[in-house]
Amino acid sequence: MAAQNPSDYIAHHLTNLTVKVGEGGFWTLNIDTIIMSWVLGLVGMGLIWMVAKGATAEVPGRLQSFIEMFFEFVDGTVRDVFPGSRAFLGPLALTIFVWVFMMNLMDLIPIDWVATVSHGLGAPAWKAVPSTDLNTTFAMSFSVFFLIIFFSFKAKGAGGFMHELFTAPFGSNPLLWLPNLALNIIELLAKPISLGMRLFGNMYAGELIFMLLGLLGTIASLSVGGLIAGGASVVLTWAWAVFHILIILLQAFIFMVLSVVYVAMAHEHH
């Protein structure tokens, strides 16, 4: 880090490990995002599977008690949003929360540790937080969007869905068909865009603040100003890490709840 200026340091840590595929390198794959997302998803769901497999009807241990409370919390949240069958929405909400939380949690690992390990393994760059990659958040949000469309057709039929597009919310007068269609298209597209941008923006900003606080520590020295800068860097970094834990949980919860709300809204008739 000493050989880099602040701009180069930040740019380096915000760079993905990429591989170009296809003719002329048409597609660019963020390898670090793909690997971290899969690994974290498997770790999170694998942990829950292990607890469920070893669950006992007798006095549960602390981990089983925590997982059971977590399951009840997610199920209660889904039940409050959607009173119908939770056979699909319950597992969906659980998967979203665990996966997003695991990805967000990587933001608490010091980025210089990640860089040291990745450079030691021969990788020139490695982003450990998949949710700071817009490709990840948009991939998840547009997956929710496709579920919205699917359940809209399932609950209302193709005719009912098209009828709502042209007649809600202003009415069925032919003069209002185009305004209704425009408003409904904007509403549909706003859901995945806002869902993906919210998660990305919060996690990206959190990672950037960690970098800026780390850079503050680089000017530490034996001078009065240097000691103040070094002390401020340590105190503020720890304070931000504690506050960031709340952000990590909150963003996972918001993404889960909004996903469930949007899918539940697809079942409603207007």
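Parameters and conventions
Residues numbered from 1 in each chain as written. Predicted model: local features only at pLDDT ≥ 70, side-chain atom pairs only at ≥ 80, totals over all residues. Heavy atoms only, no water. Helix = DSSP H or I, 4+ residues; strand = E, 2+ residues; numbered from the N terminus. Buried < 20%, exposed > 50% of the residue type's maximum accessible area, 1.4 Å probe, protein only. Contact = heavy atoms within 4.5 Å. Areas by Shrake-Rupley, 256 points an atom, 1.4 Å probe, with all protein chains shown as cover. Lys, Arg positive; Asp, Glu negative; His and termini not counted. Charge placed at Lys NZ, Arg CZ, Asp CG, Glu CD. Axes fitted to C-alpha atoms, helices over the stretch in contact; angles between N-to-C directions. Parallel < 35°, antiparallel > 145°, perpendicular 65-115°, else oblique. Left-handed = near helix turned anticlockwise from the far one by under 90°. Salt bridge = Lys/Arg side-chain N within 4 Å of Asp/Glu carboxyl O. Phe/Tyr/Trp six-rings, centres within 6.5 Å; stacked < 30°, edge-to-face > 60°. Core = buried A, V, L, I, M, F, W, Y, C linked by side-chain atoms within 4.5 Å. Nonpolar A, V, L, I, M, F, W, Y, C, P; charged D, E, K, R; others polar. Expected span 1.5 Å × (residues − 1). Bend = angle between axes of the 7 residues up to and from the residue. pLDDT = per-residue confidence, 0-100.

## Some remarks on the overall build of the protein chain
Okay, step 1: When helices and strands are tallied, the protein chain shows eight helices and two strands.
Okay, step 2: Going residue by residue from the N terminus, the α and β elements of the protein chain occur as α-β-β-α-α-α-α-α-α-α.
Okay, step 3: Projecting the C-alpha coordinates of the protein chain onto the three principal axes gives extents of approximately 75 × 55 × 45 Å.
Okay, step 4: Across the 270 residues of the protein chain, 38% fall into the buried class.
Okay, step 5: Long-range contacts, defined as pairs at least 24 residues apart, comprise 70% of the intrachain contacts of the protein chain with a sequence gap of at least 6.
Okay, step 6: A total accessible area of about 15,300 Å² is found for the protein chain, and carbon and sulfur atoms account for 74% of it.
Okay, step 7: Each charge class in the protein chain was averaged separately, 10 positive and 15 negative side chains, and the resulting centres sit 7 Å apart.

## Looking at the packing of helix 3 (residues 62-81) against helix 4 (residues 89-105)
Okay, step 1: The contact between helix 3 and helix 4 brings their axes to 9 Å, and the two run at 120°. Here helix 4 runs oblique to helix 3, going by the angle between their axes. Helix-helix and strand crossings are classified by hand; for helix 3 and helix 4 the assignment is right-handed. Contact with helix 3, carried on its side by Phe70, Phe71, Val74 and Val78, involves Leu89, Gly90, Ala93, Leu94, Phe97 and Val98 of helix 4 and no other residues of that element.

## Let's talk about the pattern of salt bridges
Okay, step 1: Under the defined criterion, the tally for this structure stands at three salt bridges.
Okay, step 2: Asp75 is paired through a salt bridge with Arg79; the nearest N and O atoms lie 2.9 Å apart. With Asp75 and Arg79 both in helix 3 and four residues apart, the pair spans about one turn of that helix.
Okay, step 3: Taking the shortest distance from any N to any O, the salt bridge between Asp75 and Arg86 comes out at 2.9 Å. You can see Asp75 sitting in helix 3 and its partner Arg86 sitting in the loop between helix 3 and helix 4, a full 11 residues away along the chain.
Okay, step 4: Given the relative accessible area of 27%, Asp75 is considered partly exposed.

## Some points on the packing of aromatic side chains
Given two aromatic rings, one states the distance between the centres and the angle between the planes to describe the pair.
Okay, step 1: Under the counting rule described, the total for this entry stands at 14 aromatic pairs.
Okay, step 2: Ring centres 6.3 Å apart and planes at 5° place the aromatic pair Phe97 and Phe101 in the stacked group. Of the two residues, Phe97 and Phe101 are both situated in helix 4; the distance of four residues between them amounts to about one turn of the helix.
Okay, step 3: Look at Phe200 and Tyr204: their rings are 5.2 Å apart centre to centre, the planes differ by 40°, and that puts the pair in the tilted class.

## Details of the nonpolar core
Okay, step 1: Judged by nonpolar contacts, the single largest core of 44 residues is most densely connected at Phe70, Val74, Leu89, Val100, Phe255 and Met256.
Okay, step 2: For this core, the secondary-structure elements that each account for two or more residues are helix 2 (31-53), helix 3, helix 4, helix 6 (134-167), helix 7 (177-217) and helix 8 (224-265).
Okay, step 3: With 10 residues, the single largest contributor to this core is helix 4.
Okay, step 4: Look past the residues within four positions of Phe255 in its chain and what remains in contact with it is Ile96, Val100, Thr137, Met140, Ser141, Leu195 and Leu199.
Okay, step 5: Tyr9, Ile10, Ile111 and Leu215 belong to the second largest nonpolar core, which has six residues in total.

## Considerations on the packing of helix 6 against helix 7
Okay, step 1: In the contact formed by helix 6 and helix 7, the axes pass within 8 Å of each other and the chain directions differ by 155°. As summarised for this structure, helix 6 and helix 7 are arranged roughly antiparallel, according to the angle between their axes. As helix 6 packs across helix 7, the resulting crossing turns out to be right-handed.
Okay, step 2: Classifying every residue of the contact of helix 6 with helix 7 by side-chain character gives 21 nonpolar, six polar and two charged.

## A look at helix 7
Along an α-helix, residues three or four positions apart point the same way, because every turn accommodates 3.6 residues.
Okay, step 1: With 41 residues, helix 7 extends 60 Å from end C-alpha to end C-alpha; this agrees with the ideal 60 Å at 1.5 Å per step.
Okay, step 2: Most pronounced at Ala190, the bend in helix 7 amounts to some 25°, and the proline Pro192 follows within four residues.

## Comments concerning the environment of Val74
Okay, step 1: Summarising the element assignment, Val74 is placed in helix 3.
Okay, step 2: Through-space distance from the C-alpha of Val74 to that of His267 is 20 Å; in sequence the pair is 193 residues apart.

## Brief notes about the environment of Phe101
Okay, step 1: Given the relative accessible area of 22%, Phe101 is considered partly exposed.
Okay, step 2: Once the C-alpha coordinates of Phe101 and Ser259 are considered, the two residues, 158 residues apart in sequence, prove to be 15 Å apart.
Okay, step 3: When near neighbours in sequence (up to four residues on either side) are disregarded, Phe101 contacts Ile248, Leu249 and Ala252.

## Some remarks on the confidence of the model for the protein chain
As a note on interpretation, predicted positions should not be read in detail where pLDDT is low.
Okay, step 1: Chain-level statistics for the protein chain give a pLDDT mean of 88 and a share of 94% at 70 or above.
Okay, step 2: Of all helices and strands in the protein chain, the one with the weakest mean pLDDT is helix 1 (residues 6-13) (84), whereas helix 4 scores best (94).

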